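Chain by chain, the residues run as shown.
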Amino acid sequence: MMGNVVLWKPASSAVLSAYYLMRLFQEAGLPDGVINFIPGSGRDVGPNVLAHPKLAGIHFTGSTSVFQTMWRIVGENIASYRGYPRIVGETGGKDFVFAHASADLDELNTALVRGAFEYQGQKCSAASRAYIPRSIWGVLKTKLRDTIATIKMGDVRDFSNFMNAVIDKGAFQSITEYINYAKHSSEAEIIAGGNYDDTKGYFIEPTVIVTSNPHFKTMEEEIFGPVLTIYVYDDDKYLETLQLCDQTSPYALTGSIFARDRQAIDLASRTLLHAAGNFYINDKPTGAVVGQQPFGGGRASGTNDKAGSMINLLRWVSPRATKETFTPPKDYRYPFMAAE
């Protein structure tokens, strides 16, 4: 719509909603050919599109491995393009909630539940790991378990259900593998949830894992499901644990700090500067709204071009500078070249 022709390839598991959105665009008056809807398998669509000489750019949302593959294909074909393709990607996260001893426990508890379990945790910004000081863990643990016990799961058409099924069989199998791994590990304890059922729909309980190992598998790898892993740290190791949080994950999408102590907030903000492209203070690490809060992260989370903002929009235009001279020079010699 800014002079570009767009090929829109939705995820294979989300074709229907994209189809109806495309129909809405058409009924709103979008001319044919501006956005071209091409559903299909990535292995069928990708090779034809990525190698085309007219490829001008890629705006991708998905896994880090797929994005790296696409970038590699562009590099291999770089000499065949009419220009250098612009590449923008948002590729997931291992998003954190970091609590200080001064945090409000009710606010922290709500942020953990909403951040980890809304949309069944199938958001790239979902809270997936948390760092809780030992001094508040006992009370928070009780609050968290009691709150999770009230969560209803079921049909998406029943609005009283806070959680529904995960998107498909592949997601169900991947998420439950992590839960089973934790169940059989001596370094982890499941304190809430841990059950699942695919008899009718792919349902997984909101699950909380507590680990004694800050580098436990579910603290480092993206799960993309309703699984939150908590590491309890000693209060006097606040800075050390902030540094640990920064160094633990290859991702850097979203993260939040809960504290009433302003010095603790400032220290966290500085220490976690490169750990999250979207950083939240006393709020869950999810919920960025297009047009209000630019969204994106760095490291393995993507190119941090901030979708939903002018920063991103300008990536898809090609600026041209024009100069018009009304009194062009008529002699190549400059004044300073004259004899003294």
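Note: the structure precedes this text.
So, here's what we can say about the structure. Since the model is a prediction, treat every value here as computed from it, not as a measurement. Residues take numbers from 1 onward in each chain, read along the sequence in its written order. Where local features are concerned, this predicted model is filtered to residues with pLDDT of at least 70; where side-chain atom pairs are given and counted, the filter is 80 or more; whole-chain, interface and lining totals use all residues. To obtain the side-chain values, all non-hydrogen atoms of the structure were included, while hydrogens and water were left out.

**Overview of the overall build of the chain**
Here's step 1: A run of DSSP states H or I qualifies as a helix once it reaches four residues; a run of E qualifies as a strand once it reaches two. Both are numbered from the N-terminal end. In terms of regular secondary structure, the chain is built from 10 helices and 15 strands.
Here's step 2: Projected onto the principal axes, the alpha-carbon positions of the chain cover approximately 85 × 60 × 35 Å.
Here's step 3: Counting all 340 residues of the chain, 41% fall into the buried class.
Here's step 4: Residue contacts are defined here by distance: any two heavy atoms, one from each residue, within 4.5 Å place the two residues in contact. Taking the contacts inside the chain whose residues are at least 6 apart along the sequence as the reference set, 70% of them involve residues at least 24 apart.
Here's step 5: When the accessible surface of the chain is split by element, carbon and sulfur atoms take 53% of a total near 19200 Å².
Here's step 6: The distance from the centre of the 33 positive side-chain charges to the centre of the 35 negative ones in the chain is 6 Å. Three labels apply to residues, based on accessible area from a 1.4 Å probe with only protein chains included: buried if under 20% of the type maximum, exposed if over 50%, partly exposed otherwise in between. Calculation of accessible area relied on Shrake-Rupley with a 1.4 Å probe; when residues are assessed, cover is drawn exclusively from the protein chains displayed. Here Asp and Glu are counted as negative and Lys and Arg as positive; His is not counted, and neither are the chain ends. Charge placement uses NZ in Lys and CZ in Arg. For Asp and Glu, CG and CD serve respectively.

**Description of empty space enclosed by the protein**
Here's step 1: A cavity here means a set of 1 Å grid points, computed over protein atoms only, where a 1.4 Å probe fits but cannot escape. A pocket is an open set with protein on both sides within 12 Å along at least 5 of 7 lines, and lining residues have an atom within 4 Å of a point. Grid points are joined across faces, edges and corners, and a volume is the space filled by probe spheres set on the points. What the rule picks out here adds up to one cavity of 30 Å³ or more.
Here's step 2: Taken as a whole, the largest cavity holds about 80 Å³ of empty space.
Here's step 3: What lines the largest cavity is a set of 14 residues, and nearest its centre among them are G121, K123, A126, S128 and F224.
Here's step 4: We call Asp, Glu, Lys and Arg charged. Ala, Val, Leu, Ile, Met, Phe, Trp, Tyr, Cys and Pro are nonpolar, and the rest, Gly among them, are polar. Of the residues that constitute the lining of the largest cavity, the class distribution is seven nonpolar, four polar and three charged.

**Regarding unusual backbone geometry**
Here's step 1: Positive phi, normally seen in glycine, also occurs at N304, with a value near 55°.
Here's step 2: You can see N304 is positioned in the loop between strand 15 (298-299) and helix 10 (310-313).
Here's step 3: Given the relative accessible area of 32%, N304 is considered partly exposed.
Here's step 4: Residues other than glycine seldom take positive phi values, yet K306 does so here, at roughly 60°.
Here's step 5: In this fold, K306 is placed in the loop between strand 15 and helix 10.

**Points about the side chain of D246**
Here's step 1: Mapped onto the fold, D246 is located in helix 8 (residues 238-248).
Here's step 2: Taking the relative accessible area as the measure of exposure, D246 reaches 18% and is therefore buried.
Here's step 3: Not counting residues within four places of it along the chain, the set of residues in contact with D246 comprises T271, L272, H274, A275 and R299.

**Regarding the state of the cysteines**
Here's step 1: For the purposes of this analysis, a disulfide is any pair of cysteine sulfur atoms at a distance within 2.5 Å. As enumerated under the stated definition, the model contains zero disulfides in all.
Here's step 2: Left unpaired, C124 is separated from the closest cysteine sulfur, that of C245, by 17 Å.
Here's step 3: The exposure class of C245 is buried, given its relative accessible area of 0%.

**Brief notes about the nonpolar core**
Here's step 1: Of all hydrophobic cores here, the largest spans 31 residues; its most connected members are F96, F98, Y131, I175, Y238 and L272.
Here's step 2: For this core, the element with the most residues is helix 6 (residues 169-183), which contributes six residues.
Here's step 3: Discounting residues that sit within four places of it in the chain, Y131 has contacts with F96, V97, F98, A99, M219, Y231, Y233, T241, C245 and T248. In plain words, nonpolar cores are sets of buried Ala, Val, Leu, Ile, Met, Phe, Trp, Tyr and Cys residues tied together by side-chain atoms within 4.5 Å.

**A short note on helix 5 (residues 134-148)**
Quick reminder: α-helices carry 3.6 residues per turn. Residues three or four places apart thus point the same way.
Here's step 1: Its 15 residues give helix 5 an end-to-end C-alpha distance of 21 Å, which sits within 8% of 21 Å, the value for a rise of 1.5 Å per residue.
Here's step 2: When the local axis directions of helix 5 are compared, the greatest deviation, roughly 35°, occurs at L140.
Here's step 3: Among all positions in helix 5, only I136, W137, L140, L144 and I148 are buried.
Here's step 4: On its buried side, helix 5 packs onto strand 5 (95-99), helix 4 (105-117), strand 6 (127-133), strand 7 (188-192), strand 10 (207-211) and strand 11 (227-233). Here, expected helix span is obtained from the residue count minus one, scaled by 1.5 Å. Given a residue, its bend is the angle between the two axes fitted to the seven residues that end at it and to the seven that start from it.

**Description of the environment of L55**
Here's step 1: Tracing the backbone shows L55 in the loop between helix 2 (42-50) and strand 3 (57-61).
Here's step 2: Note on L55: relative accessible area 11%, which makes it buried.
Here's step 3: Residues L55 and R86, spaced 31 residues apart in sequence, show a C-alpha to C-alpha distance of 9.1 Å.
Here's step 4: L55 has contacts with V49, L50, V74, Y81 and P85, leaving out every residue within four places of it along the chain.

**A look at the sheet that holds strand 6**
Here's step 1: Here a strand pair is declared whenever DSSP counts at least two bridges between the two strands. The mixed open sheet is built from seven strands, whose spatial order is 7-10-11-6-5-13-14. The open sheet has two free edges, formed respectively by strand 7 and strand 14 (278-281), since each of these has just one partner strand. Neighbour-to-neighbour, the strand axes of this sheet turn through a mean angle of 20°, independent of strand direction.
Here's step 2: Bridging between strand 5 and strand 13 (residues 254-258) involves four bridges; their strand directions are parallel. Bridging across to strand 13, A99 finds its partner in F258. Each axis is a line fitted through C-alpha atoms, taken for helices only over the stretch in contact, and angles between the N-to-C directions span 0 to 180 degrees.

**Structural notes on helix 4**
Here's step 1: Taking 1.5 Å per residue, 13 residues should reach 18 Å; helix 4 reaches 18 Å between its end C-alpha atoms and fits that length.
Here's step 2: Within the sequence span of helix 4, burial applies to L105, L108, N109, A111, L112, V113, G115, A116 and F117.
Here's step 3: Looking at the buried positions of helix 4, the neighbouring elements they touch are strand 5, strand 6, helix 5, strand 10, strand 11 and strand 13.
Here's step 4: Residues adjacent in sequence count toward polar contacts only when both atoms are side-chain atoms; beyond that, a polar contact is any pair of N or O atoms within 3.5 Å, and within protein one must be able to donate a hydrogen and the other to accept it. Residue D104 occupies the N-cap position of helix 4, its side-chain oxygen lying 3.0 Å from the main-chain nitrogen of D106.
Here's step 5: Taken from the residues just after helix 4, Y119 is the one with a positive phi, measuring 55°.

**Focus: the pattern of salt bridges**
Here's step 1: What makes a salt bridge here is a side-chain nitrogen of Lys or Arg within 4 Å of a carboxyl oxygen of Asp or Glu, nothing more. According to the stated counting rule, one finds eight salt bridges in the structure shown.
Here's step 2: A salt bridge links E107 to R260, with the shortest nitrogen-to-oxygen separation between them at 2.3 Å. With E107 in helix 4 and R260 in the loop between strand 13 and helix 9 (262-271), the pair connects residues that are 153 residues apart, well separated along the chain.

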